[in-house]
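# Structural characterization, general
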Amino acid sequence: MEHVILHSDMNNFYASVESLYNPSFREKPMAVAGDPEARHGIVLAKNYLAKQAGVQTGEPLWRARQKCPDIVFSEPHYDKYIHFSQMAREIYEEYTEQVESFGLDECWLDVTEVQELFGSGKQIADDIRDRIKFELGLTASVGVSYNKIFAKLGSDLKKPDATTVIGHDFKDKIWHLPADMLLYVGRATYQKLMTHGIYTIGDLAQTEPSLLERLLGKNGLMLWAFANGLDTLPVNRSGSGRIIKTIGNSTTAPKDLITDDDIKITLYILSESVAERMRKENFYCRGVQIMIRDNQLVSFERQGRLKAPTCTSHDIFQKAYELFQRNKPVSPVRSLGVRAIKLINCEYQQLSFLEDVVRRQKQEELERTVDNIRRRFGHFSIQRGIMLLDPVLSRLDPVAEHTIYPEAFLKSKT
Amino acid sequence: MSRRINVEVIARFNLEGDITPLQINWEDGQVFKIDRILASRQAASLKAGGQGIRYTIMVGGRQAFLYFENPIWFVEGKADVREI
């Protein structure tokens, strides 16, 4: 039986939630902005009036104001976004248990099995849009198709508050569209494709797969299959959770990082956060990756293997700092990221008398105790001594501030 | 444009956790008894700016909406705010 898959995308999610609570925003160009004081002064989301003026997600506030002098900025309220995202998910789950989130504002739903109960895919899509509008005061665009990729593409075609069905007549409907509208075709990939004369989704579909493979590797074949409607990725069931492959945190520091201590403080904070999240999920990692961005906005990543799997900030920090020292940039550092990679899940562990293992287990016990203290008395109740060197840098609490950005935000960064 | 008015409410919480508002205490001290609840469902108030459980209530022979946006109750205030 052919699948019926919906992709629901809440329009201008952050901006719409802010406008719900502040109805005066609806008539003005507005954008949700990061905090310029902490140097996060970029546009996180915008409404249609701001979009019309050319304001783009991810651009600095001064440039947005240049394009659109009467724009108003609102600070973000992540707790509200998460709440609205959950309420939307509850609506989806009244129709099917196969709901897969993609960021806060997007979800795939597999409604193949429930059409007898709730009607065709399009009817369910229209129903869901009505309910989101009435119950949450937001609008959503829904794409309906027989695979996830076209469903997602459908939700991008008509905005706001519309349902788009893409069936087997997809050649007429989408092959004329630019190839970068396809999921996973970012700016870099699109540029590569264009140098080979591939501009539209149709061009991509009709290109020899072997050429795409040479050009883009495995992803080339994947994109070719996407463009031809051959994607068969299943919608993950709710409850099974996303498959976690890596756990990472990054931050843009409130000031440029110059001294070794600046770097150490930031890497410690990030390592602690990564390790805490790993312990929560019962993960150990076998590798560490760092991301460095200097104040010229040049960024790169480096990774290294660990001698033994770990879940302690001690080991992660050691590796991250070693990687940093080996790849020190010339200019001062603006952003840093630490990521635990090659994760393994282990609930049980081999005990050992070897000194190295005993030391590691002790360290792990110690850090679990710290987690517990922080859970009970707050993150800042216990700190490493080095944090006292710079109260501005050490103010960050990445676990609590860990936020998931909507896909539009990520897209603008790639 | 109507405005959002947060109000004090007296409510009953039953064993299932269902909440039934019984009385609204207005900002100027007036008390409005809720005679009946006609319906309740999740809804957004685009007029007042908020979202929560919307109770359709009867007060003094008039129908009105009362929103519970956990933990705050609000109504959509009209030109004459006394007449909720």
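Residues numbered from 1 in each chain as written. Chains lettered and ligands numbered in written order. Predicted model: local features only at pLDDT ≥ 70, side-chain atom pairs only at ≥ 80, totals over all residues. Heavy atoms only, no water.

## Considering the overall build of chain B
What chain B contains, in helices and strands, is 0 helices and 7 strands. Taken from the N to the C terminus, the helices and strands of chain B come in the order β-β-β-β-β-β-β. Against the globule reference of 12 Å for 84 residues, chain B gives a C-alpha radius of gyration of 12 Å, in line with a compact fold. Principal-axis analysis of the C-alpha atoms places the extent of chain B at approximately 40 × 25 × 20 Å. Here chain B, with 84 residues, has 42% of them falling under the buried criterion. The contacts of chain B with a sequence gap of at least 6 include a subset with a gap of at least 24, amounting to 39%. A total accessible area of about 4900 Å² is found for chain B, and carbon and sulfur atoms account for 50% of it. (Helix = DSSP H or I, 4+ residues; strand = E, 2+ residues; numbered from the N terminus. Rg over C-alpha atoms; globule rule 2.2 N^0.38 Å. Buried < 20%, exposed > 50% of the residue type's maximum accessible area, 1.4 Å probe, protein only. Contact = heavy atoms within 4.5 Å. Areas by Shrake-Rupley, 256 points an atom, 1.4 Å probe, with all protein chains shown as cover.)

## Some details on the UniProt feature "site: Substrate discrimination" (unreviewed entry) in chain A
In the numbering adopted here, UniProt assigns the feature "site: Substrate discrimination" (unreviewed entry) to Tyr14(A). Within the secondary structure, Tyr14(A) sits in helix 1 (residues 13-21). (UniProt positions renumbered as here; feature names shortened; annotations may be inferred.)

## Description of the side chain of Lys319(A)
Note on placement: Lys319(A) falls in helix 14 (residues 313-326). In this structure Lys319(A) touches Val288(A), Gly304(A), Arg305(A) and Leu306(A), once residues within four positions along its chain are discounted.

## Comments concerning the interface of chain B and chain A
Each partner contributes to the interface: chain B provides 14 residues, whereas chain A provides 10 residues. Summing both partners gives a buried area of about 970 Å² for chain B against chain A, and 57% of it is carried by carbon and sulfur. It is Arg41(B), Leu46(B) and Gln51(B) in chain B that bury the most area against chain A; as a group they hold 45% of the surface buried on that side. The tally of links between chain B and chain A comes to 1 salt bridge. Where Arg41(B) meets Glu135(A), a salt bridge forms, and the shortest distance between an N and an O atom there is 2.9 Å. Inspection of the chain B/chain A interface yields 6 residue pairs in polar contact (both at pLDDT 80 or more). Residue composition of the side of chain B that touches chain A, grouped by class: 4 nonpolar, 5 polar and 5 charged. (Buried area = accessible area lost by both parts, 1.4 Å probe. Salt bridge = Lys/Arg side-chain N within 4 Å of Asp/Glu carboxyl O. Polar contact = N/O pair within 3.5 Å; in protein donor to acceptor, adjacent residues only side chain to side chain. Nonpolar A, V, L, I, M, F, W, Y, C, P; charged D, E, K, R; others polar.)

## A few points about the UniProt feature "binding site: Mg(2+)" (unreviewed entry) in chain A
Residues and elements named next belong to chain A. Per the UniProt entry, the sites bearing "binding site: Mg(2+)" (unreviewed entry) are Asp9 and Asp105 in this numbering. A compact arrangement is adopted by the annotated residues: their sequence extent is 97 residues, whereas the largest C-alpha distance between any two is 5.8 Å. Aspartate 9 has contacts with Asp105, Glu106, Thr139, Ala140, Ser141, Ser155, Asp156 and Lys159, leaving out every residue within four places of it along the chain. Here aspartate 105 is to be found in the loop between strand 5 (99-102) and strand 6 (106-110). Classification of aspartate 105 as buried rests on a relative accessible area of 8%.

## Quick word on the environment of Lys192(A)
Residue and element names in this part refer to chain A. Checked against the element boundaries, lysine 192 lands in helix 9 (residues 187-195). Separated by 19 residues in sequence, lysine 192 and lysine 173 place their C-alpha atoms 24 Å apart. Setting aside chain neighbours within four positions, we find lysine 192 in contact with Leu215 and Leu216.

## Re the nonpolar core
All names here are of chain A. One finds Leu6, Phe13, Tyr92 and Ile132 to be the most contacted residues of the largest nonpolar core, which totals 36 residues. When contributions to this core are tallied by element, the ones reaching two or more residues are strand 1 (5-10), helix 1, strand 2 (30-33), strand 3 (43-46), helix 4 (78-93), strand 6, helix 6 (121-136) and strand 7 (140-145). If you tally residues by element for this core, the top one is helix 4, at 6 residues. With sequence-adjacent residues up to four places away left out, phenylalanine 13 is seen in contact with Tyr81, Phe84, Ser85, Leu104, Asp105 and Leu138. Listed in part, the 34 residues of the second largest apolar core include Leu270, Tyr284, Ile292 and Phe324. (Core = buried A, V, L, I, M, F, W, Y, C linked by side-chain atoms within 4.5 Å.)

## Digging into unusual backbone geometry
With an omega of -10°, the peptide bond running from Lys159(A) to Pro160(A) counts as cis. Residue position: Pro160(A) is located in the loop between helix 7 (148-157) and strand 8 (162-166). The peptide bond linking Asn70(B) to Pro71(B) adopts the cis configuration, its omega dihedral lying at 5°. Mapped onto the fold, Pro71(B) is located in the loop between strand 6 (62-69) and strand 7 (72-77). A positive phi is found at Tyr184(A), a non-glycine position, where the angle reads about 80°.

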